[in-house]
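# Descriptive analysis of the structure
Listed below are the residues making up each chain.
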Amino acid sequence: METTQRAATLLAIDEINAAGGVLGRAIEPVAYDPQSTPNLYKELAVKLCDEDRVRVVFGCHMSSTRKAVLPVIEARDALLFYPTLYEGFEYSRHCIYTGAAPNQNSVQLVDFLTKHYGKRVFLVGSNYVYPYESNRTISDLFLQLGGQVLDEMYVPLNLKTEDVSKIIRHIRAAQPDVIYSTIVGDGIIPFYTAFKEAGFDAATMPIASQSTSEADVIRMRPDVAEGHITAAPFFASLDTPRARAFVSAYQQRYGLEMLPTAPAEAAYFQVYLYAAALQRAGGDGLEQLLPALYDVEYDAPQGAVKIDRLTNHTHLWPRVARVNPQGGYDIVYDPSLRVAPDPFMREYRPDLTQTFPHRVQV
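Residues numbered from 1 in each chain as written. Predicted model: local features only at pLDDT ≥ 70, side-chain atom pairs only at ≥ 80, totals over all residues. Heavy atoms only, no water.

### Here we look at the overall build of the protein
Put simply, the test is: What counts as a helix is a DSSP run of H or I of at least four residues, what counts as a strand is a run of E of at least two, and both are numbered from the N terminus. Our radius of gyration looks at C-alpha atoms and nothing else; its globule reference is 2.2 Å times the residue count to the power 0.38. Using a 1.4 Å probe on the protein chains alone, a residue whose accessible area is under 20% of its type maximum counts as buried, one over 50% counts as exposed, and one in between counts as partly exposed. In this description, contact between two residues means that some pair of their heavy atoms is separated by no more than 4.5 Å. Accessible surface area values rest on a Shrake-Rupley calculation with a 1.4 Å probe, where residue burial reflects the displayed protein chains alone. The positive count covers Lys and Arg only, the negative count covers Asp and Glu only, and His and the chain ends enter neither. A charged residue contributes its charge at one atom only: NZ of Lys, CZ of Arg, CG of Asp or CD of Glu.
The helix and strand tally for the protein stands at 12 helices and 13 strands. Over its C-alpha trace the protein gives a radius of gyration of 20 Å, about what one expects of a compact globule, namely 21 Å for 362 residues. Once the C-alpha set of the protein is aligned to its principal axes, its extents read approximately 60 × 45 × 40 Å. Looking at the 362 residues of the protein, the share that counts as buried comes to 57%. Across the protein, every contact between residues at least 6 apart in sequence was considered, and the portion connecting residues at least 24 apart equals 68%. For the protein, the exposed area adds up to about 15,200 Å²; of that, 50% sits on carbon and sulfur atoms. Considering the protein, the positive charge centre built from 33 side chains and the negative charge centre built from 42 side chains are found 2 Å apart.

Structure below.
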């Protein structure tokens, strides 16, 4: 996943430079590989700011890496562009959040799942901050709709065979209508494969996962991926001229087997937002760049996007998609409406007078 985001970032930089750059100068990327490790992310953020004199950073995927980097960015009065969907409930003046907040994916996903599959959900996630917080939001949304959380469990990031077997046993015991997974990284494919081999049917009991994308599905057998569901502002199958042009440019550069994901699309358009703001501001200091960012809009592959000045999050276009027999995503819900960010879910607070079912955490 991080590879696709890096690829999309460099593609945007090359396109902008080929068109003349910004204010007559080329954007020069200074890139390091943090190896998906929060401590190394922090060390390299210090190196970028202190040694390379960088004032704007594009990067981070997992929330644990963003949280490792942000104190460095804030202390040095720099700016981080963060291109990944995340759990919400955060604000930093020094961070521009271009991935989806929960009201731009979780709300639409839960609405679709409860209407088409049922209201009994099983929650499973990797053991770090995003799954805990995302599962809390998903639980509240299901409960508000009269649903039930049957079980909630967390597994190591380095998923082992015995961890996968434990998940399958819990699913078989719970018999939910839907599984909501926040398993990330290399554990995704073993989990989906074990789910299929256990005899579960995605047509009646799908895995819904916002941490699973084209980058993961392309590595699965089609029969393993088929029928499972996700929500995102962008899919490589989005059939609009702007989306097709982006996918074509991405594949021409990186190969036909590479499909841009929603986090990759966010990594791509945030560079264009930065370039437009820099053109307007004339400099990349925070006091110059932020006001300009709030005034620009960009025709991204998903649709026109802009930054919300109150939250530093992005106005996005939520969609829900299901994996088809060929291993591609069919968009099954697309209201074609841009949704303003609500990272603190102010419009979706649970009814505290409701009697919630008991939640089991394993």
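Text resumes after the structure shown.
### Some details on a nonpolar patch on the surface
As a reminder of what qualifies: Note on patches: the residues involved have over 30% relative accessible area and no salt bridge, like charges join within 9 Å, and the nonpolar side chains Val, Leu, Ile, Met, Phe, Trp and Tyr join within 5 Å. Every case where a carboxyl oxygen of Asp or Glu lies within 4 Å of a side-chain nitrogen of Lys or Arg is listed as a salt bridge.
A surface patch of nonpolar side chains, amounting to about 270 Å² of accessible area, comprises F89, Y91 and F344. Looking at the element boundaries, F344 is found in the segment after strand 13 (329-333).

### Overview of the pattern of salt bridges
The full count for this structure, using the stated rule, is 18 salt bridges. A salt bridge links K67 to E90; its shortest N-O distance comes to 3.0 Å. Pair noted here: K67 is in helix 3 (residues 63-75) and E90 is in the loop between strand 2 (79-82) and strand 3 (95-97), with a separation of 23 residues, a long-range link. On the basis of relative accessible area, K67 is assigned to the partly exposed category, the value being 39%. Among the residues examined, E90 registers a relative accessible area of 11% and is labelled buried. In this structure, D223 engages R221 in a salt bridge whose closest nitrogen and oxygen atoms are separated by 3.0 Å. One network of salt bridges, in which partners are shared, links R66, K67, E87 and E90.

### A short note on the environment of T9
Relative to the helices and strands, T9 is located in helix 1 (residues 2-18). We classify T9 as buried; its relative accessible area is 14%. Counting along the chain gives 260 residues from T9 to F269, while the straight-line C-alpha distance between them is 8.3 Å. Apart from the residues lying within four places of it in its own chain, the contact partners of T9 are F58, A267 and V271.

### Let's talk about the packing of helix 2 (residues 38-51) against helix 3
As a reminder of what qualifies: Angles shown run from 0 to 180 degrees and are taken between the N-to-C directions of axes, each axis being a line fitted to C-alpha atoms and, for helices, limited to the stretch in contact. Under this scheme an angle from 65 to 115 degrees is roughly perpendicular, one under 35 degrees roughly parallel, and one over 145 degrees roughly antiparallel; angles in between are oblique. Helix crossings get a hand from a simple test, with the near helix turned counterclockwise from the far one by less than a right angle marking a left-handed crossing and a clockwise turn marking a right-handed one. Throughout this entry, Asp, Glu, Lys and Arg are counted as charged residues, while Ala, Val, Leu, Ile, Met, Phe, Trp, Tyr, Cys and Pro are counted as nonpolar. The remaining residues, Gly among them, count as polar.
Relative orientation of the contacting elements helix 2 and helix 3 amounts to 30°, with a least axis distance of 8 Å. Taken as axis vectors, helix 2 and helix 3 run roughly parallel relative to one another. In this structure, the crossing between helix 2 and helix 3 has a hand that is right-handed. Together, P38, Y41, K42, A45, V46 and C49 of helix 2 and S64, T65, A68, V69, V72 and I73 of helix 3 make up the contact between the two elements. Residue classes in the contact of helix 2 with helix 3 are distributed as 9 nonpolar, 2 polar and 1 charged.

### Side note on the sheet that holds strand 1 (residues 56-58)
The condition that has to hold: Think of it this way: DSSP has to see at least two bridges between two strands before they count as a pair.
Here we have 3 strands laid out as an open sheet, ordered 1-2-3, and parallel in their pairing. Both outer strands of the open sheet, strand 1 and strand 3, are each paired with one neighbouring strand and no more. Each strand of the sheet is rotated relative to its neighbour by a mean of 15°, with strand direction disregarded. Sheet topology note: the strand 2/strand 3 ladder contains 3 bridges and is parallel. Its bridge partner being in strand 3, Y82 is matched across the sheet by Y97. Lying on the sheet, helix 11 (residues 262-281) is in contact with strand 1 and strand 2; it crosses strand 1 at an angle near 165°.

### Some details on the sheet that holds strand 9 (residues 297-300)
Taken in spatial order, the 3 strands of this open sheet run 9-10-11, and their pairing is antiparallel. Single-partner strands in this sheet number two, and they are strand 9 and strand 11 (314-315). Across the sheet, helix 11 is in contact with strand 9, strand 10 (303-307) and strand 11; its angle to strand 9 comes to roughly 145°.

### Here we look at the nonpolar core
Keep this limit in mind: Residues enter a nonpolar core if they are buried and are Ala, Val, Leu, Ile, Met, Phe, Trp, Tyr or Cys, with the set joined through side-chain atoms within 4.5 Å.
Counting residues in each nonpolar core, the largest one holds 100 residues, and the members touching the most others are I167, I171, I179, F191 and L293. Setting aside chain neighbours within four positions, we find I179 in contact with F122, V124, I171, F191, F195, M205, P206, I207 and A208. The next biggest cluster of nonpolar side chains, apart from the first, holds 17 residues, and it includes Y41, V54, V57 and Y97.

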